[in-house]
Amino acid sequence: MSTIQRGAVENLDEYQPMEEINRVILIGNGFDISHGLKTKYEHFMHFLLSDLISEARKVSPQNYSDQLLIDRLVLTEKNSKFRLNKGSVRDLFGQFQNKEIFTEFRPTQFIQALRADLSKNNWADFEVVYYRHLCDLLDLGGAESLMLQFNKSVEEVRKRLTEYFEKKVVNRITDELVIDEYNDIFHHDEREIAETFVVNFNYTSTFKLLYDPYESFEVVNIHGQCGDGNNVFLGYGDREDDNFDRLLDLNNPDIVKNLKSLHYKRSPESQEDEIDQFLDDVAFEVDVIGHSCGQSDRDVLRKVFDHQNCQAINIYHFNDFERIHLELERLLRDDPVRDRKIKRFDPKKQCPQFKKGS
């Protein structure tokens, strides 16, 4: 068996597949969803909005305001049997138009920003809405006070998000959810894998609990984990955006606290040094599993995909190959060897799906 090639590969055109190679696995929310876990953006929004209705019912008269998520929510006397139906984010917000139940629904600026862009229906989009609205506030008078209040709303959402995952998701991750095909992907790859490094973007420990209980792989939970009192991170990460430096120039840490590139430097959970060390060591391939490769994680994705040791990017898909491929093309538009890195559609590289009773 050949020795692993140490250091950077100078010319990817001259790169020849080795008998052994390192592997980086990027785990995104699609991975949790494929196990039947209720981790979609719309699942959380149903929990959040239902919670706000429940809190409004506790006050008398039923006129609720918390100044963080809701400026004013007023219920009619007919609300007692009302339950928010599950559905897309558009459907959820649409139900608040029912005047027989809601006299008034006036959310604060963050929830209003989400409602204003109902086409967004996943976590990457959620974080993009946050960042765009934060940047929009840059151009308004009294911007700093508005931005600080906006971030307080986001902090409240983060707390509710942690609560949702701990109540509705974490305790459902059991051995019954193990999917044999994933075991084959992680432990019986046809390539000769020397070492595997997993970057988990999820708030759960699904990968570790179900597929790495004996800690064969090094796993970094880059956005934190729910459970055991751990904090999770919600924010945006693209330091090459034109507004990034403008936000830094405000010289206010409370305004930029949700920018991921800054968070990674101050958070031990992100283990950024460990990621760098693994990438710098030898040539590696990347397996993208359940991650949209959207712009809210561009800082980390660039670090991995643009690295001179990155030899190939393999997309595991579930009816979303074209969308992920497009995101990769945008992300690597300045990479002269992107066509060699991004591997073509492979029907065998499907994200397996949990089947109840299987």
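None of the values given here were measured: they were computed from a predicted structure.

(A) Examining a positive patch on the surface more closely. A cluster of basic residues, K38, K40, K86, K168 and R172, forms a positive patch at the surface. Following the sequence through the fold, K38 ends up in the loop between α1 (29-34) and α2 (41-58). The partly exposed category is assigned to K38, whose relative accessible area is 43%.

(B) View of the pattern of salt bridges. Scanning all chains against the criterion turns up 26 salt bridges. Across the pair R191 and D189 runs a salt bridge whose closest N-O atoms are separated by 2.7 Å. For D189, a relative accessible area of 19% corresponds to the buried category. R298 is paired through a salt bridge with D238; the nearest N and O atoms lie 3.4 Å apart. Highlighted residues: R298 in helix α12 (residues 298-305) and D238 in the loop between β6 (218-221) and α9 (244-248), separated in sequence by 60 residues. Neither R298 nor D238 differs from the other in exposure class; each is buried. Connected via shared salt-bridge partners are R23, D189, R191, E285 and D287.

(C) Seen up close, the sheet that holds strand β1 (residues 21-27). With parallel pairing, 5 strands are arranged side by side in an open sheet as β6-β5-β1-β7-β8. Both outer strands of the open sheet, β6 and β8 (310-316), are each paired with one neighbouring strand and no more. Strand-to-strand twist of the sheet, defined as the mean angle between neighbouring strand axes without regard to direction, takes the value 20°. In terms of strand pairing, strand β7 (residues 284-289) meets β8 through 6 bridges, oriented parallel. Paired with V288 across the bridge in β8 is I315. Strands β1, β7 and β8 of the sheet are contacted by helix α7 (residues 180-187), whose axis makes an angle of about 140° with β1.

(D) Region of interest: the pairing of β7. Burial runs high along β7: 6 of the 6 residues are buried. Burial along β7 is two-sided: the residues F284, V286 and V288 and E285, D287 and I289 are all buried. The pairing of β1 with β7 spans 6 bridges and is parallel. When the bridges of β7 are listed, I25 appears paired with D287. What joins β7 to β8 is α12, and the crossover it makes is right-handed.

(E) Examining the packing of aromatic side chains more closely. Applying the stated criterion across every chain yields a total of 28 aromatic pairs. Both rings, one in F47 and one in Y164, keep their centres 5.1 Å apart while their planes meet at 55°; by these two values the pair is tilted. Taken together, the positions of F47 in helix α2 and Y164 in helix α6 (residues 143-168) put the pair 117 residues apart, joining distant regions of the chain. Taken as a pair, F47 and Y164 share a single burial class, namely buried. With centroids separated by 5.4 Å and ring planes inclined at 10°, the aromatic side chains of Y130 and F150 adopt a geometry described as stacked. Of the two residues, Y130 sits in helix α5 (residues 123-138) while F150 sits in helix α6, which places them 20 residues apart along the sequence. In this structure Y130 comes out as buried when scored by relative accessible area, which is 2%. Taking the relative accessible area as the measure of exposure, F150 reaches 0% and is therefore buried. Connected via pairs of aromatic rings, a cluster forms that spans Y41, F44, F47, F110, W123, F126, Y130, F150, Y164, F165 and Y203.

About the cut-offs
- Residues numbered from 1 in each chain as written.
- Predicted model: local features only at pLDDT ≥ 70, side-chain atom pairs only at ≥ 80, totals over all residues.
- Heavy atoms only, no water.
- Patch = residues over 30% accessible without salt bridge, like charges linked within 9 Å, V, L, I, M, F, W, Y side chains within 5 Å.
- Areas by Shrake-Rupley, 256 points an atom, 1.4 Å probe, with all protein chains shown as cover.
- Salt bridge = Lys/Arg side-chain N within 4 Å of Asp/Glu carboxyl O.
- Lys, Arg positive; Asp, Glu negative; His and termini not counted.
- Charge placed at Lys NZ, Arg CZ, Asp CG, Glu CD.
- Helix = DSSP H or I, 4+ residues; strand = E, 2+ residues; numbered from the N terminus.
- Buried < 20%, exposed > 50% of the residue type's maximum accessible area, 1.4 Å probe, protein only.
- Pairing = 2+ DSSP bridges.
- Axes fitted to C-alpha atoms, helices over the stretch in contact; angles between N-to-C directions.
- Contact = heavy atoms within 4.5 Å.
- Right-handed = clockwise from strand over helix to strand, strands pointing away.
- Phe/Tyr/Trp six-rings, centres within 6.5 Å; stacked < 30°, edge-to-face > 60°.

Bear in mind that shape data such as this cannot, by itself, settle questions of function.
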